[in-house]
Structures are given as C-alpha cells and as structure tokens.
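# A closer look at the structure
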Amino acid sequence: MGEELRELTFTDKQKLEAELADLMEAKKRVAEEIKVARGFGDLSENAEYTEAKAEEGRVYGRIMDIEKILQTAVFVDDSKVDTDTVSVGTAVRVFDMEYEEEDEYTIVGFTEADPLKLYISSESPIGMALIGARVGDVVSAQTPGGSIKLKVLEIKRR
C-alpha cells in the first residue's frame, strides 16, 4: 500500500521541529530516569523503572512519527499560495447553504488544525471537499453532524 501524501504548511513544520527538539531533551531525561531507577533494585518490582521504560517508549515512538512526517511531507509556503483554488494555506469564505450564514475556514496541515478557530485540516471532511474548489463552486461534505453544502465566496492567503 502506498504512502499517503500529506501537505503541511511551514508553520506546521516549525511546530513539528520544536516538538522534536523537546522530545530529544525528554529522551535524555528519560535515559537518566532509567539509570536512577535501576539503582532501586529488583527491576521486576520497580515501579519507577517500569514507568521510565514506558515513557521511553512513548518518546521514541513520537520521535519516529515526527521524523517520518518531516521526511515524507510536502511543505507549502503559506505566504505564497495561489488563490485561484482552495489549497493548504488559504482562507476560504463560504456560504453555508443550509444555515444561510457565512463562515471563513483556514485550510491548514493536520498539526495546526483547530476546529474552534475554524482552522481545518485538508484531511478533514470539509477540508477535503474544499480542496481544489474555485470561487462560485458549491461543494458537499459529509461531516459527523450530517451532509453540508458550501458555496465558495472568496479565497485568499491566510
């Protein structure tokens, strides 16, 4: 099965790189915790050692996830995106045809998504429906709350 292409903004990249730097520090801290916990005696009954090893697994797993994302993602300069069509890094003013109201969604990479601020991932149902749309297009999205229809009114850089 092929790799899924993930588009991220440079903002996403910066956040991931900062998280990776924090995890590298955590990796050092966890290694020291394991070393100290080994000194507490029998490892089979050593809660500190067990917890430190579990934390080590979480840290190493997340480091591997971030490194893979950084190696395989396509990064989009959100300051230079084309505004002819909706893409990662654009803000899209839409008219919700059911509720007869306007909303503005910002299409972002998955690490920057924040539905409360209407920052939606290009991988979300609404984001996938809007990607590639032009001003005047009507798109449908199947959301957890049901099907919605949005008319694209404006596309701009975020």
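Residues numbered from 1 in each chain as written. Predicted model: local features only at pLDDT ≥ 70, side-chain atom pairs only at ≥ 80, totals over all residues. Heavy atoms only, no water.

On to the packing of aromatic side chains, then. Evaluation of the coordinates by the stated rule reveals zero aromatic pairs. Positioned above the aromatic ring of Phe110 is the side chain of Arg6, whose terminal nitrogen or guanidinium carbon lies 3.7 Å from the ring centre. Here the guanidinium or amino end of Lys117 rests over the ring plane of Tyr119, the centre of that ring lying 4.9 Å away. (Phe/Tyr/Trp six-rings, centres within 6.5 Å; stacked < 30°, edge-to-face > 60°. Lys NZ or Arg CZ within 6 Å of the ring centre and 35° of its normal.)

Side chains Val139, Ala141 and Thr143 project from strand S6 (residues 138-143) onto a buried face, and the interleaved Val138, Ser140 and Gln142 project onto a face without burial. In textbook terms, the turn of a hairpin is the stretch between consecutive antiparallel strands, and for S6 and strand S7 (residues 146-157) this stretch comprises two residues. (Buried < 20%, exposed > 50% of the residue type's maximum accessible area, 1.4 Å probe, protein only. Helix = DSSP H or I, 4+ residues; strand = E, 2+ residues; numbered from the N terminus. Pairing = 2+ DSSP bridges.)

Further remarks concern the sheet that holds strand S3 (residues 90-96). The mixed open sheet is built from five strands, whose spatial order is S5-S4-S3-S7-S6. Strand pairing shows two members of the sheet lacking a second neighbour, strand S5 (119-121) and S6, which therefore form its edges. On average, adjacent strands in this sheet sit at an angle of 45° to one another, irrespective of strand direction. Two strands pair when backbone bridges link them, and S3 and S7 are joined in this way by seven bridges, in the antiparallel orientation. Of the residues in S7, the one forming a bridge with Ala91 is Lys156. (Axes fitted to C-alpha atoms, helices over the stretch in contact; angles between N-to-C directions.)

For helix H1 (residues 10-38), spanning 29 residues, the distance from its first C-alpha to its last is 42 Å, which sits close to the expected 42 Å at 1.5 Å a residue. Every buried residue of H1 is accounted for by Asp12, Leu16, Leu20, Leu23, Ala26, Val30, Ile34 and Ala37. Check the buried side of H1 and you find it contacts strand S1 (7-9), helix H2 (47-72) and strand S4 (101-108). (Expected span 1.5 Å × (residues − 1). Contact = heavy atoms within 4.5 Å.)

Before going further, it helps to spend a moment on the environment of Phe10. Note that Phe10 resides in helix H1. The class of Phe10 is partly exposed, set by a relative accessible area of 33%. It is 9.2 Å that separates the C-alpha atoms of Phe10 and Ser79, two residues lying 69 residues apart in sequence. Apart from residues lying up to four places away in sequence, Phe10 is in contact with Phe75, Val76, Asp77 and Asp78.

Peptide bonds are, in most cases, trans, and in most cases residues other than glycine have a negative phi. Positive phi values are uncommon outside glycine, yet Glu100 reaches one of about 50°. Tracing the backbone shows Glu100 in the loop between S3 and S4. For Glu100, a relative accessible area of 61% corresponds to the exposed category.

The subject of this paragraph is the environment of Glu56. Within the secondary structure, Glu56 is located in helix H2. C-alpha separation for the pair Glu56 and Arg158, spaced 102 residues apart in sequence, amounts to 38 Å. In contact with Glu56, other than residues within four places in its own chain, are Val30 and Ile34.

Another point: the nonpolar core. If you look at the biggest cluster of nonpolar residues, it comprises 17 residues, and the most contacted ones within it are Val86, Val92, Tyr105, Ile107, Ile126, Leu130 and Leu150. Contributions of two or more residues to this core are made by S3, S4, helix H3 (125-130), S6 and S7. The element best represented in this core is S7, accounting for four residues. Other than its neighbours up to four places away in sequence, Leu130 contacts Val86, Val92, Val94, Tyr105, Ile107, Ile120, Val139 and Val152. Grouped together as the second largest cluster of nonpolar side chains are 15 residues, Ala26, Ala37, Ile66 and Ala73 included. (Core = buried A, V, L, I, M, F, W, Y, C linked by side-chain atoms within 4.5 Å.)

A separate point is the environment of Ala91. Of note, Ala91 is situated in strand S3. Judged by relative accessible area, which is 3%, Ala91 ranks as buried. Linking Ala91 and Leu43, residues 48 residues apart in sequence, is a C-alpha distance of 54 Å. For Ala91, the residues in contact, after removing those within four places along its chain, are Glu104, Tyr105, Thr106, Glu154, Ile155, Lys156, Arg157 and Arg158.

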